[in-house]
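# Tertiary structure, described
Chain by chain, the residues:
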Amino acid sequence: MKTLKYFSMMFLMLVVSISMVSCGEDDESAISDNGSFLEGDYVGTLKPMGYTDAPARAYVTLTRRAKDVVSFACSCETFDVNTNPVNLTIEERGNGLMYLTSESSYSVEGTSNNGSLTITFSMGNDEWFFSGMKD
């Protein structure tokens, strides 16, 4: 009888000790650093919106400023476009889709998804459309 009581007590202790172990999430809620993810050089085409000009090769550089902010600069020799850096706020919408909007009154907005980048911006009286991939 003492042996049965001993084994039942051991079994109870085993069950209690197993159930006390918490099943925490393996991937802790890490702070997502979208600025580092988007940072880099993008190569693509630039086209003036509303004109029939053929698109020209252009380069965009996104530089991380914070985990949710990058600065945007575009250059294209064909159209003589060389923008000053503009800070863009990153808003993640799920499935890798990120919206970029200007922090200031500059008219710059775009999206990024799986290494591709599309941005529209105004420069002078012209509005431009860039579409490209991360280099």
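Right, let's walk through the structure included here. (Residues numbered from 1 in each chain as written. Predicted model: local features only at pLDDT ≥ 70, side-chain atom pairs only at ≥ 80, totals over all residues. Heavy atoms only, no water.)

Across its full length, the protein holds two helices and nine strands. In the protein, the succession of α and β elements from N to C terminus is α-α-β-β-β-β-β-β-β-β-β. In the protein, once contacts between residues fewer than 6 apart in sequence are set aside, the share between residues at least 24 apart is 37%. Of the roughly 9400 Å² of accessible surface on the protein, a fraction of 54% belongs to carbon and sulfur atoms. (Helix = DSSP H or I, 4+ residues; strand = E, 2+ residues; numbered from the N terminus. Contact = heavy atoms within 4.5 Å. Areas by Shrake-Rupley, 256 points an atom, 1.4 Å probe, with all protein chains shown as cover.)

This part covers the packing of aromatic side chains. The full count for this structure, using the stated rule, is two aromatic pairs. Summarising the aromatic geometry, the rings of Phe79 and Trp128 are spaced 5.2 Å apart at their centres and angled 50° between planes, so their arrangement reads as tilted. Here Phe79, found in the loop between β3 (69–76) and β4 (81–82), pairs with Trp128, found in strand β9 (residues 126–134); they are 49 residues apart in sequence, far enough to count as distant. What makes Trp128 buried here is its relative accessible area of 6%. Just above the ring of Tyr99 sits the side chain of Arg93; from NZ or CZ to the centre is 4.0 Å. Of note, Lys134 hangs over the ring of Phe37, and the distance from its end group to the ring centre comes to 6.0 Å. (Phe/Tyr/Trp six-rings, centres within 6.5 Å; stacked < 30°, edge-to-face > 60°. Buried < 20%, exposed > 50% of the residue type's maximum accessible area, 1.4 Å probe, protein only. Lys NZ or Arg CZ within 6 Å of the ring centre and 35° of its normal.)

Core analysis: the biggest nonpolar cluster contains 24 residues, and Leu46, Phe72 and Phe121 have the highest contact counts within it. Listing elements by their share of this core, those giving two or more residues are β1 (40–48), β2 (56–66), β3, β5 (86–92), β6 (97–102), β8 (116–123) and β9. In this structure Phe121 touches Leu46, Phe72, Cys74, Val81, Thr83, Ser107, Val108, Asp126, Glu127 and Trp128, once residues within four positions along its chain are discounted. (Core = buried A, V, L, I, M, F, W, Y, C linked by side-chain atoms within 4.5 Å.)

As a further point, take the environment of Lys47. As for its position among the elements, Lys47 is in strand β1. By relative accessible area, which is 28% here, Lys47 ends up partly exposed. If we skip the residues at most four places from it in the chain, Lys47 touches Thr52, Asp53, Pro55, Glu127, Trp128 and Phe129. Among the polar contacts made by the side chain of Lys47, one reaches the main-chain carbonyl oxygen of Tyr51 at a distance of 3.0 Å. (Polar contact = N/O pair within 3.5 Å; in protein donor to acceptor, adjacent residues only side chain to side chain.)

This part is about the pattern of salt bridges. Across all of its chains, the model carries two salt bridges by this definition. For Arg64, the salt bridge is made with Asp33, and the minimal N-O distance between the two is 3.2 Å. Here Arg64 is found in strand β2, whereas its partner Asp33 is found in the loop between α1 (2–20) and α2 (34–38), with 31 residues between them in sequence. A relative accessible area of 32% places Arg64 in the partly exposed class. One salt bridge in this structure joins Arg93 and Glu91, with 2.9 Å as the shortest N-O distance. With relative accessibility at 41%, the residue Glu91 sits in the partly exposed group. (Salt bridge = Lys/Arg side-chain N within 4 Å of Asp/Glu carboxyl O.)

As for its placement among the helices and strands, Ser131 is situated in strand β9. Taking the C-alpha atoms as reference points, Ser131 and Ser112, 19 residues apart in sequence, are found 9.9 Å from one another. Among residues more than four places away in sequence, those in contact with Ser131 are Gly44, Thr45, Leu117 and Thr118.

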